[in-house]
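Analysis of the macromolecular model
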Amino acid sequence: MRVVIQDNYDKMCKWAADYIAKKIKAHKEDRPFVLGLPTGSSPIGVYKELARMNQAGELSFANVITFNMDEYLGLPHEHDQSYWYFMHDNFFNHLVDMKPENINILNGMAEDPEAECAAYEEKIAACGGIDLFMGGIGVDGHLAFNEPFTSLTSRTGLRDLTTDTRIVNSRFFGNDPEKVPAQALSVGIGTVMDAKEVLVLISGHNKARAMAAVVEGGVSQRWTCSALQLHNGAIIACDEEACGELMVDTYKYFLDIERKERL
Ligand code: GLP
């Protein structure tokens, strides 16, 4: 696992956007680049920078297919807290050459959510699998909506949200946890693990405990993101604040090894 430590949130986002752009540009296969995407506060700076590059003509999304990680159950597209709305508001609406038909987001209003999730897995496979899955994590280490103790081999499906997550996410729902949907559709940890590369953003003091568990703890369903220790192409891009609970030696190790890699 690589851990790329940047001074602050903005530099973390710039690093991640540059990395994604480099991968899209280097893609030479006879099929579109398949990019997995998260929602949340963490990726907003990455989306801004990718959109800037796109508008400046530095990066095209014409040959990119996207799959989002998750969506709240029961929220229609036009709901301002649906992840469909978030993605269009923060990213897709700002791209000049993204094809709408290449955007895939789980439908939170699907009549049969399980069938919706099964079809999503099939579509990812039909597109040749995900080349790079960007993600964020919750304070409890959840990846997408795979809460603690979700199977590390889980596939796309319906998930119950914990009270903790509903409280954390209530900041977008008038600070009322009861207004946060109790369930969501989410890719599984197994779905993320199938991606060729996974790039997870971890920012801020409130993620420091999860960061330490994911990087230094054992692989455990308690911290579902820790499954990435078994992925051969996993990168965590983080800021200094997220490193607050790491051992000094761990912190120094990654600064040292990444410095060498940049030479
Ligand atoms: C939600 C999403 C996750 C996201 C997490 C962290 O629970 N389902 O995919 O990673 O929030 O969000 P933030 O980046 O705002 O801390």
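Everything below is about the structure shown above.
Residues numbered from 1 in each chain as written. Predicted model: local features only at pLDDT ≥ 70, side-chain atom pairs only at ≥ 80, totals over all residues. Heavy atoms only, no water.

As for the nonpolar core
Side chains of nonpolar character tend, in soluble globular proteins, to be buried together. The biggest cluster of nonpolar side chains holds 41 residues, and the ones touching the most others in it are V200, M211, I236 and C238. Those elements that place two or more of their residues in this core are β1 (2–6), β3 (64–68), α4 (113–126), α6 (189–193), β9 (197–202), α7 (208–216) and β10 (234–239). In terms of residue count, the dominant contributor to this core is α7 (6 residues). In contact with I236, not counting residues within four places along its chain, are M1, R2, V3, V4, V200, I202, M211, V214 and V215. Residues I24, Y47, M53 and F92 belong to the second largest nonpolar core, which totals 35 residues. (Core = buried A, V, L, I, M, F, W, Y, C linked by side-chain atoms within 4.5 Å. Buried < 20%, exposed > 50% of the residue type's maximum accessible area, 1.4 Å probe, protein only. Helix = DSSP H or I, 4+ residues; strand = E, 2+ residues; numbered from the N terminus. Contact = heavy atoms within 4.5 Å.)

Comments concerning the packing of aromatic side chains
Under the criterion given, the structure shown has 10 aromatic pairs. Relative to F145, the ring of Y72 lies with its centre 5.5 Å away and its plane at 45 degrees, an arrangement referred to as tilted. Highlighted residues: Y72 in strand β4 (residues 70–72) and F145 in the loop between β6 (132–136) and β7 (157–160), separated in sequence by 73 residues. Comparing Y72 with F145, the two get one shared label, buried. When the ring of Y253 is compared with that of F254, the centres are 4.9 Å apart and the planes differ by 80 degrees; the resulting orientation is edge-to-face. Among the residues examined, Y253 registers a relative accessible area of 45% and is labelled partly exposed. Judged by its relative accessible area of 8%, F254 is buried. Through a chain of ring-to-ring contacts, the aromatic side chains of Y47, F61, F91 and F92 assemble into a single cluster. Sitting over the face of the ring of W223, R222 holds its NZ or CZ atom 4.5 Å from the ring centroid. (Phe/Tyr/Trp six-rings, centres within 6.5 Å; stacked < 30°, edge-to-face > 60°. Lys NZ or Arg CZ within 6 Å of the ring centre and 35° of its normal.)

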